[in-house]
Amino acid sequence: MIESFKKVKIDVRALNVWFYKKHVLKDLSMRFRTNAVTSIMGPSGCGKTTLIRSLNRMNEVLKGSRTEGEVLVDGENVYDSDIDVFELRRRVGMVFQKPNPFPKSIFENVAFGLRIQGMNKRDQLEERIMVSLRRAGLWDEVKDRMEESALTLSGGQQQRLCIARALAVEPEVILMDEPTSALDPAATARIETLIRELAKDYTVVIVTHNMQQAARVSDLTAFLYIGELIEYSPTPDIFENPQNVLTEKYITGEFG
């Protein structure tokens, strides 16, 4: 594995998640590497979304959830009782499957998290918002429209706006739950290019049903099946030389 992948950002140890009596993740252990794009793939209902929502304790907002095991971010277990969950979710941000801009201006969408943190000076907000929109590849398209409603943007632009909103609070990890599933091919290509760019500065974890997307954007790929981690390797190895028969059957289309 190449040098840049050697540092571990998130270390998941014996993670189990239940929703009421349903055992969704089963003794799952894996490590997410710093400044790498990791794709999580597998058939519907295998636990992909539950896994990434475990990394910043988002499952806790759902009724009936229970978690056992450890998720260490930079060596600190996020499930310790003294963890500041708000700060955790700033450090480990999330972009959802369907773009979810607020019914506010483009400016106020990106400013939202910053205002919660107490930043209200206009010049400070403008600088951070500009940087975030540039990183999300959206600045040139909206710089003269900042007071317009975010809902006037196209679907692809809305998703990049949501990425900018996540970036504005300066996270260390960006979780993406099927971020292109609602987008057309052109918008999908822009998001995929953006994901590769973001990995220069962030650790990126992406859930995808699209195996071609995983092959295009990710450095490492994990295959989940019925709540268990079946295989986790550098992406070329997963697609060219899978070590588990279930992985091979999945990527060749025998099931899914």
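Computed from a prediction, not measured in an experiment: that's the story for all the values here.

(A) View of the overall build of the protein. When its secondary structure is counted, the protein shows 10 helices and 10 strands. By principal-axis analysis of the C-alpha atoms, the protein measures approximately 55 × 45 × 35 Å. Put simply, the protein has 256 residues, and 53% of those count as buried. Long-range contacts, defined here as pairs at least 24 residues apart, represent 66% of the contacts in the protein between residues at least 6 apart. When the accessible surface of the protein is summed, it comes to about 12000 Å², and 48% of that surface belongs to carbon and sulfur atoms. When the 34 positive and 36 negative side-chain charges of the protein are each reduced to one mean point, those points stand 3 Å apart.

(B) The sheet that holds strand S3 (residues 37–41), seen in detail. Read across the open sheet, the 6 strands follow the order S6-S7-S8-S3-S9-S10; overall the sheet is mixed. At either end of the open sheet lies a strand with only one pairing partner, and these are strand S6 (92–95) and strand S10 (228–234). Taken pair by pair, the neighbouring strands of this sheet meet at an average axis angle of 20°, ignoring direction. Running over the sheet, helix H6 (residues 155–168) touches S6 and strand S7 (173–177) and is turned about 170° from S6.

(C) Just helix H3 (residues 106–116), in detail. For H3, the set of buried residues is Ile106, Phe107, Asn109, Val110, Ala111, Gly113 and Leu114. Close packing links the buried residues of H3 with helix H4 (122–135), helix H5 (139–142) and H6. A positive phi of about 100° marks Gly118, the residue just after H3.

(D) Summary view of the sheet that holds strand S4 (residues 65–73). Overall, antiparallel pairing links the 4 strands, which are arranged S2-S1-S4-S5 in an open sheet. Every other strand in the sheet has two partners, leaving strand S2 (22–33) and strand S5 (76–77) as the edge strands with one partner each. The pairing of strand S1 (residues 8–19) with S4 spans 8 bridges and is classified as antiparallel. Bridge pairing in S4 links Asp11 to Leu72.

(E) View of the packing of H4 against H6. The interhelical angle for the contact between H4 and H6, taken along N-to-C directions, is 130°, at an axis separation of 8 Å. Classified by the angle between their axes, H4 and H6 sit oblique to one another. Handedness of the crossing formed by H4 with H6: right-handed. Seen from H4, the contacting residues are Arg128, Ser132, Leu133 and Arg135; seen from H6, they are Leu161, Ala164, Leu167 and Ala168. Split into classes, the residues belonging to the contact of H4 with H6 amount to 5 nonpolar, 1 polar and 2 charged.

Cut-offs used in this document
Residues numbered from 1 in each chain as written. Predicted model: local features only at pLDDT ≥ 70, side-chain atom pairs only at ≥ 80, totals over all residues. Heavy atoms only, no water. Helix = DSSP H or I, 4+ residues; strand = E, 2+ residues; numbered from the N terminus. Buried < 20%, exposed > 50% of the residue type's maximum accessible area, 1.4 Å probe, protein only. Contact = heavy atoms within 4.5 Å. Areas by Shrake-Rupley, 256 points an atom, 1.4 Å probe, with all protein chains shown as cover. Lys, Arg positive; Asp, Glu negative; His and termini not counted. Charge placed at Lys NZ, Arg CZ, Asp CG, Glu CD. Pairing = 2+ DSSP bridges. Axes fitted to C-alpha atoms, helices over the stretch in contact; angles between N-to-C directions. Parallel < 35°, antiparallel > 145°, perpendicular 65-115°, else oblique. Left-handed = near helix turned anticlockwise from the far one by under 90°. Nonpolar A, V, L, I, M, F, W, Y, C, P; charged D, E, K, R; others polar.

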